[in-house]
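Structural description and commentary
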Amino acid sequence: MKEQFYSYIQTLQDQICKGLEDVDGTAKFRQDLWERPEGGGGRTRVLENGNVFEKGGVNISAVHGALPVAMQTYFGVGEVDFFACGLSLVIHPKNPMVPTVHANWRYFEMYDKQGNIVNQWFGGGQDLTPYYLFEEDAKHFHQTCKTACDKHNQDFYPKFKKQCDEYFWNAHRNEARGIGGLFFDHLKATEEMSMENWYTFVTEVGNSFLSAYIPIVEKRKALPYTETNRTWQEIRRGRYVEFNLVHDKGTLFGLKTNGRIESILMSLPPHVQWVYDHHPEAGSEEEKLINVLKKPIAWI
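All of the points below concern the structure found in this document.

Right, let's get into a nonpolar patch on the surface. Taken together, the side chains of Leu 252, Leu 255 and Ile 261 make up a nonpolar region of the molecular surface, amounting to roughly 230 Å² of accessible area. Here Leu 255 shows up in helix H7 (residues 249-256). The class of Leu 255 is partly exposed, set by a relative accessible area of 43%.

See the structure below:
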């Protein structure tokens, strides 16, 4: 399974990078190959200062070795070995009318000292973080997610949407990071779903990413915006940074397993503001977004 999934995310990385380069029109991804001293490595691709995208990263990694003590405590296990691979991406557009997007698809195995698999699961998802709310964009993104889920089980979309709303919640701000999407973790073999079944589902979601995001970018990338719009975008990006550094399990996992710091922090936007006690003007488009982030919405 691990070879099968790692092969898949290598191909998916190529497809997503090409799709993003095509819509940007000028910028190209820079590639870094890196190795982890304890075992494994990855392929980081970063795009900066494009025509459409201010910064974006589409990274894959496959790391293995002894599970660090901090993660042994987190998983409630003793001394075991592990393998983890995945694709993680974050795209920060230049135009505030275009939303930031994040996605991740990953696979994890744990072994006893004889090398036998004692645990394995998939995780991942995709979610949208707009700065200005276009309801048709939210509906399109969620409909694409639902279509991918419905091919496997009609219970998946409402379940994984709810998990996304709960996970990407900035508890210290009492607001969502964005308008959600899908989030799933610890997808393990059951009587109903084998690991091969989960592989088919997770790759279905991965394959839906470009069709979920690119049409939104195409529709919004040429819209006019002001410096005021840009300032609001940078203030909201600050909330994005807060979530990733305070709450995000993937970021914390990377930091605790001696991951490559440049790859882990590629999710952070290049220009951010923290304005003291900032509140949007009553009745404004900015306030409209804040009101939506206070409580999850059923977009479809």
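So, next bit.
Right, let's get into the pattern of salt bridges. Overall, the coordinates contain 23 salt bridges when judged by the stated rule. Between Asp 150 and Lys 146 there is a salt bridge whose closest N-O contact spans 2.6 Å. Remark: Lys 146 and Asp 150 occur in helix H3 (residues 135-150); sequence separation between them is four residues, near one turn of the helix. For Asp 150, a relative accessible area of 22% translates into the label partly exposed. Arg 236 is the salt-bridge partner of Glu 175, the closest N and O atoms lying 2.9 Å from each other. Separated by 61 residues along the polypeptide, Glu 175 in strand E8 (residues 175-176) and Arg 236 in helix H6 (residues 227-246) bring together distant segments of the chain.

A separate point is H6. Its 20 residues place the ends of H6 29 Å apart at the C-alpha level, agreeing with the 28 Å of an ideal helix rising 1.5 Å per residue. Counting buried positions along H6 yields 15 of 20 residues, so the element is predominantly enclosed. Of the residues that open H6, the one with a side-chain oxygen 3.3 Å from the backbone nitrogen of Thr 228 is Thr 226.

In terms of nonpolar packing, the biggest core is built from 65 residues, with Phe 5, Leu 89, Trp 105, Phe 201 and Tyr 213 touching the most fellow members. Per-element accounting of this core gives the leading share, twelve residues, to helix H5 (residues 195-220). Formed by eleven residues, the second largest nonpolar core is a distinct cluster that contains Leu 67, Met 71, Val 80 and Phe 253.

Once that is clear, we can look at the environment of Phe 75. Mapped onto the elements of the fold, Phe 75 is located in helix H2 (residues 69-75). Note: C-alpha distance between Phe 75 and Arg 106 (31 residues apart in sequence) is 17 Å. Sequence-distant contacts of Phe 75, that is, excluding residues within four places in its chain, are made with Leu 67, Phe 108, Met 110, Trp 121 and His 186.

Attention now goes to the packing of H3 against H5. At a minimum axis distance of 9 Å, the contact between H3 and H5 shows a crossing angle of 160°. In this view, H3 runs roughly antiparallel relative to H5, as classed from their interaxial angle. For H3 against H5, the interelement crossing comes out right-handed. Contacts between H3 and H5 pair Glu 136, Asp 137, His 140, Phe 141, Thr 144, Ala 148 and Cys 149 from the former with Phe 201, Glu 204, Val 205, Ser 208, Ser 211, Ala 212, Pro 215, Ile 216, Lys 219 and Arg 220 from the latter.

Every buried residue of H7 is accounted for by Thr 251, Phe 253 and Gly 254. Buried residues of H7, viewed axially, fall in a sector of 160°; they line one side. Of the surrounding elements, those touching the buried residues of H7 are H2, strand E4 (81-93), strand E5 (100-111), H6 and helix H8 (261-264). Where H7 begins, the side chain of Asp 248 points an oxygen toward the backbone nitrogen of Gly 250, at a separation of 3.3 Å. The first or second residue beyond H7 is Asn 258, which carries a positive phi of 55°.

Rules used throughout
- Residues numbered from 1 in each chain as written.
- Predicted model: local features only at pLDDT ≥ 70, side-chain atom pairs only at ≥ 80, totals over all residues.
- Heavy atoms only, no water.
- Patch = residues over 30% accessible without salt bridge, like charges linked within 9 Å, V, L, I, M, F, W, Y side chains within 5 Å.
- Areas by Shrake-Rupley, 256 points an atom, 1.4 Å probe, with all protein chains shown as cover.
- Salt bridge = Lys/Arg side-chain N within 4 Å of Asp/Glu carboxyl O.
- Helix = DSSP H or I, 4+ residues; strand = E, 2+ residues; numbered from the N terminus.
- Buried < 20%, exposed > 50% of the residue type's maximum accessible area, 1.4 Å probe, protein only.
- Expected span 1.5 Å × (residues − 1).
- Polar contact = N/O pair within 3.5 Å; in protein donor to acceptor, adjacent residues only side chain to side chain.
- Core = buried A, V, L, I, M, F, W, Y, C linked by side-chain atoms within 4.5 Å.
- Contact = heavy atoms within 4.5 Å.
- Axes fitted to C-alpha atoms, helices over the stretch in contact; angles between N-to-C directions.
- Parallel < 35°, antiparallel > 145°, perpendicular 65-115°, else oblique.
- Left-handed = near helix turned anticlockwise from the far one by under 90°.
- Arc of directions from axis to C-beta.

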